[in-house]
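Per-entry structural report
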Amino acid sequence: SNILAAEKKQKTYALMLMADIYIVNSDFNGAETTITSAFENCDSPDYLPYIYNTFGRIYQELHDYDESIKYYKKSINDSLSAIDKSILQNNIAVVYLEKKEYKKAINLLENLAEEELLKNNKPQLAKVIDNLGYAYFKTNNPNAEKLLQKSATIREKENNSSEIISSFM
């Protein structure tokens with residue numbers, strides 16, 4: 001039975017990776033079908049946050065924002081590291097931005113930006129600050145430009161070219 005459990009865990013993991021490939025190729029229906037299979041095969045609680053996060057990403061891409069937020073919130077649990085939780089909260093804030101619910105996004109992002117753990121994770125801090133700057137921009141907050149500039153500076157120091165491009169966009 002240990003062999004069967006290991007095989008089931010490997011199958012679940014493979015399905016999770018396949019769902020990611022579908023997302024990268026913008027096949028969200030294929031991704032949804034595949035991650036649903038992963039969920040049905042999953043008997044390891046370790047994989048559930050990842051599976052729920054994948055559902056959140058799919059529904060966000062399909063503009064089903066309420067479902068997206070529901071799954072992002074489901075993926076936040078006690079087994080996750082503090083940094084993983086902050087990434088998920090940032091994902092939720094991005095969905096609020098897409099829904100034009102700027103006040104909700106700002107509340108979440110301001111709290112995240114103050115978290116001590118982000119001071120040691122510059123790439124994640126840059127994302128949070130960038131999203132907060134964008135939310136400020138959309139609400140005519142005069143601090144928007146300062147935050148967007150700060151995010152770009154962090155990204156340049158980290159030398160992450162795809163994130164630098166994101167800042168300039």
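Preceding block: the structure.
Let me begin by describing the structure that accompanies this report. Remember, predicted model here, so these are calculated numbers, not experimental data.

The rules behind each value
Residues numbered from 1 in each chain as written. Predicted model: local features only at pLDDT ≥ 70, side-chain atom pairs only at ≥ 80, totals over all residues. Heavy atoms only, no water. Core = buried A, V, L, I, M, F, W, Y, C linked by side-chain atoms within 4.5 Å. Buried < 20%, exposed > 50% of the residue type's maximum accessible area, 1.4 Å probe, protein only. Helix = DSSP H or I, 4+ residues; strand = E, 2+ residues; numbered from the N terminus. Contact = heavy atoms within 4.5 Å. Phe/Tyr/Trp six-rings, centres within 6.5 Å; stacked < 30°, edge-to-face > 60°. Lys NZ or Arg CZ within 6 Å of the ring centre and 35° of its normal. Axes fitted to C-alpha atoms, helices over the stretch in contact; angles between N-to-C directions. Parallel < 35°, antiparallel > 145°, perpendicular 65-115°, else oblique. Left-handed = near helix turned anticlockwise from the far one by under 90°.

This paragraph deals with the nonpolar core. Ile-92, Tyr-96, Leu-109, Val-128, Leu-132 and Tyr-136 are the most contacted members of the largest nonpolar core, which has 28 residues in total. When residues of this core are traced back to their parent elements, those giving at least two are α4 (65-75), α5 (82-98), α6 (102-114), α7 (122-138) and α8 (144-158). When sequence neighbours within four positions are dropped, the list of residues in contact with Tyr-136 reads Ile-106, Glu-110, Asn-141, Asn-143, Ala-144 and Leu-147. Core analysis: the next-biggest nonpolar cluster, separate from the first, contains 16 residues, Met-16, Ala-38, Tyr-47 and Ile-58 among them.

Throughout the structure, instances matching the rule amount to six aromatic pairs. Between Tyr-52 and Tyr-71, the aromatic rings sit 6.1 Å apart at their centres with planes inclined by 40 degrees, giving tilted as the arrangement. Separated by 19 residues along the polypeptide, Tyr-52 in helix α3 (residues 48-61) and Tyr-71 in helix α4 bring together distant segments of the chain. Residue Tyr-52 shares its accessibility class with Tyr-71, and that shared class is buried. An aromatic cluster is present here, built from Phe-39, Tyr-52, Phe-55, Tyr-59 and Tyr-71 joined pairwise through their rings. One residue, Lys-9, lies across the ring of Tyr-47, its end atom 5.7 Å from the ring centre.

Contact geometry of α5 with α7 gives a least axis separation of 11 Å together with a crossing angle of 20 degrees. Judged by the inter-axis angle, α5 sits roughly parallel to α7. The chirality of how α5 crosses α7 is left-handed. Listed contacts from α7 to Ile-83, Ser-86, Ile-87, Asn-90, Val-94 and Leu-97 of α5 are Gln-124, Lys-127, Val-128, Asn-131, Tyr-134 and Ala-135.

Glancing now at the side chain of Ser-68. Mapped onto the secondary structure, Ser-68 falls in helix α4. If we ignore the near neighbours within four places in the chain, the residues touching Ser-68 are Gly-56, Tyr-59, Gln-60 and Val-95.

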